[in-house]
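# Residue-level structure breakdown
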Amino acid sequence: GHGFRYVLLSALAAALTVTLAACGGVASPSTNKSETFSGTLAPSQANPHPFTVSKTGEYQITITAQNPVQVVGLGLGQYNNNTCNLTSSVDLFSKLNKPLSGSIQAGSYCALIFDPINPTPLTASVTYTLTVNHP
């Protein structure tokens, strides 16, 4: 009959709830904070912008303005002792508003914008604005 199927489904739902609660809760992207950073990136330089994540969730780092538009490197790093150590989340961007994104744990991080010396070095300084959306 139907009784067995119902019991199985409620057991599954209960197990799922327990699993989610055990992680200390995952932040929904709708409750994320947005931080904006601006600066000037000179050829062969890298500019770190530190931020703190309070809980597990999703992050997005987006270049929202750039002048002149050139290919730049954008990365997520761990921030320790005033140093931005890049993680594997790095990409090159020539288009605005294309986010670098993924999942993130609580901790100290940095958005790093840098001159991608290989394959395309900057030919002039670039003024930019980055938006970091994080839990």
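Throughout what follows, the structure given in this document is the object of discussion. (Residues numbered from 1 in each chain as written. Predicted model: local features only at pLDDT ≥ 70, side-chain atom pairs only at ≥ 80, totals over all residues. Heavy atoms only, no water.)

Across the sheet, which stays open at both edges, the 4 strands sit in the order β2-β7-β4-β5 with antiparallel pairing between neighbours. The open sheet has two edge strands, β2 (46-53) and β5 (83-93), and neither has a second partner. Along the sheet, successive strands turn relative to each other by an average axial angle of 25 degrees, direction set aside. Note: strand β4 (residues 72-80) against strand β7 (residues 107-114), 6 bridges, orientation antiparallel. Bridge pairing in β7 links Gly73 to Phe114. (Pairing = 2+ DSSP bridges. Helix = DSSP H or I, 4+ residues; strand = E, 2+ residues; numbered from the N terminus. Axes fitted to C-alpha atoms, helices over the stretch in contact; angles between N-to-C directions.)

A few words on the sheet that holds strand β3 (residues 57-67). Taken in spatial order, the 4 strands make up an open sheet running β1-β8-β3-β6, and their pairing is antiparallel. Every interior strand has two partners, whereas the edge strands, β1 (33-41) and β6 (100-104), have only one. In this sheet, neighbouring strand axes are inclined to one another by 20 degrees on average, regardless of whether the strands run parallel or antiparallel.

So, about the nonpolar core. Phe51, Ile61, Leu74 and Ile113 are the most contacted members of the largest nonpolar core, which totals 21 residues. Where this core is concerned, the elements lending two or more residues are β1, β2, β3, β4, β6, β7 and β8 (126-134). With 4 residues, the single largest contributor to this core is β8. Non-local contacts of Phe51, meaning those with residues more than four positions away in its chain, are made with Glu35, Phe37, Leu76, Ile104, Gly107, Ser108, Tyr109, Cys110, Ala111, Val132 and His134. (Core = buried A, V, L, I, M, F, W, Y, C linked by side-chain atoms within 4.5 Å. Buried < 20%, exposed > 50% of the residue type's maximum accessible area, 1.4 Å probe, protein only. Contact = heavy atoms within 4.5 Å.)

Counted according to the given criterion, the structure contains 1 aromatic pair. Relative to Tyr109, the ring of Phe51 has its centre 6.2 Å away and its plane inclined at 25 degrees; by these criteria the two rings are stacked. Separated by 58 residues along the polypeptide, Phe51 in strand β2 and Tyr109 in strand β7 bring together distant segments of the chain. The exposure classification of Phe51 matches that of Tyr109, with both residues buried. (Phe/Tyr/Trp six-rings, centres within 6.5 Å; stacked < 30°, edge-to-face > 60°.)

Moving on to the pairing of β3. Here 5 bridges tie β3 to β6, and the two strands are oriented antiparallel to one another. When the bridges of β6 are listed, Tyr59 appears paired with Gly102. Where β3 lies against β8, 7 bridges are found, and the strand directions are antiparallel. From the neighbouring strand, Gln60 faces β8, where its bridge partner is Asn133.

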